[in-house]
Amino acid sequence: MSLGKAVKIIKKMKSSEASRIFERTSAERVARILERTNLERAAEIVERLSTEKAVNAILAMDRTVSASLILEINADVAAQIVENAVNLCVARIARIIEQAASINLEATISILERTDARALAELLVEISRLPEKVEVPLL
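Residues numbered from 1 in each chain as written. Predicted model: local features only at pLDDT ≥ 70, side-chain atom pairs only at ≥ 80, totals over all residues. Heavy atoms only, no water.

Caption draft 1: Structural context of the overall build of the chain. Secondary structure assignment for the chain yields nine helices and zero strands. Across the chain, helices and strands are ordered from the amino to the carboxyl terminus as α-α-α-α-α-α-α-α-α. In summary, the chain has a C-alpha radius of gyration of 15 Å against a globular reference of 14 Å for 139 residues, a match within 12%. Counting only C-alpha atoms and orienting by the principal axes, one finds that the chain spans roughly 45 × 40 × 25 Å. Of the contacts formed within the chain by residues at least 6 apart in sequence, a portion of 79% connects residues at least 24 apart. When the accessible area of the chain is evaluated, it comes to approximately 7,900 Å², of which 51% is carbon and sulfur surface. Here the chain contributes 20 positively and 20 negatively charged side chains, and the mean placements of these two sets differ by 11 Å. (Helix = DSSP H or I, 4+ residues; strand = E, 2+ residues; numbered from the N terminus. Rg over C-alpha atoms; globule rule 2.2 N^0.38 Å. Contact = heavy atoms within 4.5 Å. Areas by Shrake-Rupley, 256 points an atom, 1.4 Å probe, with all protein chains shown as cover. Lys, Arg positive; Asp, Glu negative; His and termini not counted. Charge placed at Lys NZ, Arg CZ, Asp CG, Glu CD.)

The structure is reproduced here in structure tokens:
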């Protein structure tokens with residue numbers, strides 16, 4: 001089934017039904033579909049996914065989309081996703097959280113406050129290793 005058709009079908013389903021289908025779908029495919037889905041709708045679905053599926057899909061998404069999605073979902077669910085993502089790919093989740101902080105610092109802090117201390121420490125160390133963004137003034 002084409003990606004466009006899958007997105008249209010998912011939009012019409014209940015989020016509980018969509019999440020059940022996504023549990024049997026590759027994380028990469030879930031990521032591509034969710035990237036093309038309304039952010040609010042994508043958040044409803046991600047909140048119903050298993051933590052493992054949600055983590056893998058978020059790590060597979062475009063960084064800006066995944067950061068926006070993490071900010072949109074329930075902060076407790078987001079913290080669980082961050083904790084598990086640290087174990088899978090700390091470098092990737094560090095970039096996502098850095099992006100989330102640039103979108104909405106207060107919401108990002110709220111998520112990080114709920115994150116396990118060990119995972120948070122690993123995440124912050126990894127964020128500190130990220131290259132600094134150099135802002136070049138426009139002439």
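There is more to say, and it comes next.
Caption draft 2: Up close: the packing of helix α6 (residues 63-72) against helix α7 (residues 75-103). Where α6 contacts α7, the axes come no closer than 8 Å and their chain directions differ by 100°. The angle between α6 and α7 places the two elements in the roughly perpendicular class. Touching Arg63, Thr64, Ser66, Ala67, Ser68, Ile70 and Leu71 of α6 are Ala78, Arg92, Ile93, Arg95, Ile96, Glu98, Gln99, Ala100 and Ile103, all from α7. A per-class count over the contact of α6 with α7 returns eight nonpolar, four polar and four charged. (Axes fitted to C-alpha atoms, helices over the stretch in contact; angles between N-to-C directions. Parallel < 35°, antiparallel > 145°, perpendicular 65-115°, else oblique. Nonpolar A, V, L, I, M, F, W, Y, C, P; charged D, E, K, R; others polar.)

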